[in-house]
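Notes for the structure review
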Amino acid sequence: MTDAEWAAIRPLLPVPAWLQGRGGQPEGYCHRQMLDAIRYLVAGGISWRAMPADFPDWGRVYAFFRRWREHGLIGEFHDRLRGKVREREGREAEPTAGVIDAQSVRAAATVPAASRGYDGVDLVRRRDASSPGGWAYEAHLMVLTSGYASPATRARRAAAADLNRVGGIDGNVSNLSVVSFPDTFDPADGQVHSTRVELTDAERAALEKARRKERGRKRALDRSRRATNPGQYAPSKRRQARAARRKTAGLPERHVHVPGGARAANKAGVPKQANRRDTLSAGYRLDRARLAEATTAAAKDHRARRIAERIVADHGANLTVEDCDIRTWYRLWGRALQATTPGRLIAAIGKECEKTSGRLLRASTFTTKLSQTCLCCDQVRKSLADRVHTCTSCGLVADRDMVSAALAAHVRLTDPDDPSTAGLDTVQARTTQILFSPGLQEALSSQPQRGGRPSRGRTHAAAHGPGIPGRQASARRNTPDRHRPTPNETRPANQRHKDHVGTAAHTGNTAARGGIPARELIGWHPNTG
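A brief look at the structure comes next. (Residues numbered from 1 in each chain as written. Predicted model: local features only at pLDDT ≥ 70, side-chain atom pairs only at ≥ 80, totals over all residues. Heavy atoms only, no water.)

1. A few points about the overall build of the chain
- Along the backbone of the chain there are 16 helices and 15 strands.
- Counting all 529 residues of the chain, 36% fall into the buried class.
- The contacts in the chain between residues at least 6 apart in sequence include a share of 60% that link residues at least 24 apart.
- About 31400 Å² of surface is accessible on the chain, with carbon and sulfur atoms providing 52% of the total. (Helix = DSSP H or I, 4+ residues; strand = E, 2+ residues; numbered from the N terminus. Buried < 20%, exposed > 50% of the residue type's maximum accessible area, 1.4 Å probe, protein only. Contact = heavy atoms within 4.5 Å. Areas by Shrake-Rupley, 256 points an atom, 1.4 Å probe, with all protein chains shown as cover.)

2. Brief notes about the packing of helix α9 (residues 298-315) against helix α12 (residues 342-355)
- α12 packs onto α9 with a crossing angle of 55° between their chain directions and a minimal axis gap of 8 Å. Looking at the two axes, α9 sits oblique to α12. Read as a crossing pair, α9 and α12 show a hand that is right-handed. Along its contact with α9, which presents K300, D301, R303, A304, R305, I307, A308, E309, I311 and V312, the element α12 presents R344, L345, A348, I349, E352 and C353.
- Across the contact of α9 with α12, the residue classes break down as nine nonpolar, no polar and seven charged. (Axes fitted to C-alpha atoms, helices over the stretch in contact; angles between N-to-C directions. Parallel < 35°, antiparallel > 145°, perpendicular 65-115°, else oblique. Left-handed = near helix turned anticlockwise from the far one by under 90°. Nonpolar A, V, L, I, M, F, W, Y, C, P; charged D, E, K, R; others polar.)

3. Some thoughts on the sheet that holds strand β9 (residues 359-363)
- The five strands lie next to each other as β7-β6-β5-β8-β9, forming an open sheet whose pairing is mixed. Edge strands, defined here as strands with exactly one partner in the open sheet, are β7 (193-198) and β9. For this sheet, the mean angle separating the axes of adjacent strands, direction not counted, is 20°.
- Relative to β9, strand β8 (residues 318-322) runs parallel, the two being bridged by five bridges. (Pairing = 2+ DSSP bridges.)

4. Quick word on the pairing of strand β5 (residues 165-171)
- The buried fraction of β5 is high, at seven of seven residues.
- Of the two faces of β5, both are covered, the one formed by R165, G167, I169 and G171 as well as the one formed by V166, G168 and D170.
- Summarising the sheet, β5 and strand β6 (residues 175-182) pair through seven bridges and their orientation is antiparallel. Paired with R165 across the bridge in β6 is P182.
- Counted between consecutive antiparallel strands, the loop separating β5 from β6 contains three residues.
- As paired strands, β5 and β8 are joined by four bridges and run parallel to one another. Along β8, the bridge assignment pairs V166 with N318.

5. Focus: the pattern of salt bridges
- Counting across every chain of the model gives 20 salt bridges.
- A salt bridge links R157 to E352; the shortest N-O distance between them is 3.3 Å. Pair noted here: R157 is in helix α5 (residues 151-161) and E352 is in helix α12, with a separation of 195 residues, a long-range link. Grouping residues by exposure puts R157 and E352 together as buried.
- Across the salt bridge formed by D401 and R387, the nearest N and O atoms sit 3.0 Å from each other. In this pair, D401 sits in helix α14 (residues 400-408) while R387 sits in the loop between α13 (365-368) and β10 (388-390), placing the two residues 14 residues apart along the sequence. (Salt bridge = Lys/Arg side-chain N within 4 Å of Asp/Glu carboxyl O.)

6. Considerations on helix α16 (residues 437-444)
- Within the span of α16, buried status applies to L440, A443 and L444. Seen from one end, α16 has its buried residues packed into an arc of 80°, which puts them on one side. Those residues of α16 that are exposed and aimed more than 90 degrees away from the buried face are P438 and E442.
- Residues of α16 that are buried make contact with β6, β7, β11 (397-399), α14 and α15 (426-435). (Arc of directions from axis to C-beta.)

7. Re a positive patch on the surface
- A contiguous patch of positive charge on the surface is contributed by R60, R66, R67 and R69.
- With respect to the helices and strands, the residue R69 is situated in helix α3 (residues 58-70). (Patch = residues over 30% accessible without salt bridge, like charges linked within 9 Å, V, L, I, M, F, W, Y side chains within 5 Å. Lys, Arg positive; Asp, Glu negative; His and termini not counted. Charge placed at Lys NZ, Arg CZ, Asp CG, Glu CD.)

8. Observations concerning the nonpolar core
- Membership of the largest hydrophobic core comes to 30 residues, with the highest contact counts inside it found for V179, F181, L375 and L444.
- Mapped by element, the contributors of at least two residues to this core are β6, α14, β12 (411-413), β13 (422-424) and α16.
- The contact partners of F181, leaving out residues within four places of it in the chain, are R165, V166, V192, A406, A409, H410, T432, F436 and L440.
- With 19 residues, the next largest nonpolar core counts I307, A317, L345 and I346 among its residues. (Core = buried A, V, L, I, M, F, W, Y, C linked by side-chain atoms within 4.5 Å.)

9. Considerations on the packing of helix α2 (residues 31-44) against α3
- Packing of α2 against α3 brings their axes to within 10 Å, and their N-to-C directions diverge by 95°. Classified by the interaxial angle, the pair formed by α2 and α3 is roughly perpendicular. Contact with α2, carried on its side by H31, M34, L35, A37 and I38, involves R60, V61, F64, F65 and W68 of α3 and no other residues of that element.

10. Some remarks on the state of the cysteines
- Throughout the structure, instances matching the rule amount to zero disulfides.
- Of all cysteine sulfurs in the structure, the one in C391 sits closest to C376, which takes part in no disulfide; the separation is 3.6 Å. (Disulfide = S-S within 2.5 Å.)

11. A short note on the environment of Y148
- Mapped onto the secondary structure, Y148 falls in the loop between β4 (142-143) and α5.
- Taking the C-alpha atoms as reference points, Y148 and P95, separated by 53 residues in sequence, lie 9.9 Å from one another.

What follows is the structure, given as structure tokens:
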């Protein structure tokens, strides 16, 4: 072992107790001699008992080796040397990815079928209509760390981490509103920034084109199934009436290649033959694979990641969003959410915040009441159709979602992992409104978003409320018009979900109320409660 090699390995070796003054018998052999003996054994491929007499006794060498192995020193030697070799080659000390591979052996003809199987390690197949045979084969890839990030991505995330801003997000059916402030809430450190994410005209046109193509493919699939299984479907009513007229006139019956009626069923309405037993053509299977590829979520995930990157780069990585139950939105708006995918956007923003050394906090809607509160701490009741926030106390007239996003930036959580511990810091919110008054009105007064008035059967742009200019609904609803609270607004305490129940409180100095002793409560205000 050279002096340079010994200098690299010596700091990794444990220091004997007798050298540290903790007692014990001094060791009789040098650690460098022990390492030379182990390297000689590995290089020569000899047994322990064949150790030459020039080295220490083989029993002592093996005892040292076993002790180091049990303490993980052998693995530490290997990792340290591997890192130095990688750095010498211009790479990072730790690898970022590796490929798993295993040897596959073709079984002999005498091997029973119970012992045979598909090698799922070497190759993984997925449905791909454009590939030969309709399948694409890929190899496994194992990511050891967070994965590769380009220099531009690392620079963008480093710049976002240095923004020192806090912001709030308000998710809606048709848009996403983001408002951020400097973390010191001092106008000298920066101004208020606002962003609205909604579908552009080009995206709306592309979605409508994709829907039309999807409907056409589904109709083609239905025609193909009916053509290959004509005995399982009855003729349409129009075809039956035409056949009756031809029979009355004495004309021969025409053969129907593609019946358009209902599926043949018994008296109970159960189909006589299950769909899985139908005969399917090769064209049907190909069209079905293409339809499955067209409805994949890969494109939506890519769009969500791009939007999350822009939001975190502009507003920082410390954001707060209301913990809403998006499943309620699906019951009201149905497929209208598939275009904007608010849940996917919020999840992508949360992941991007974590990668930028930040966090996306979730606050309960029952303890914050953001949609029914103004920055001046007064209560402003709004129905779902009211898209403009109008406060009679302070005179703030702004977009409803922007105001909620600005209030979300002032939410404080006692436990970041528990949304029910969230409370609105009303004192800081009022102070922010006073300090940022010159630019706050302009930032929050963006044009209300496009959407459809809640009515059945409408899927295009929004309509204004009758006689109320500037009030719009966020998107259409699949239910009839009726007065009901917004899904993300407050409800009575006996109707709250247990996961969101919390105590609303205020961070300012307020007088005691009821039997509660005087203390600093979180989220309570004498007006809003």
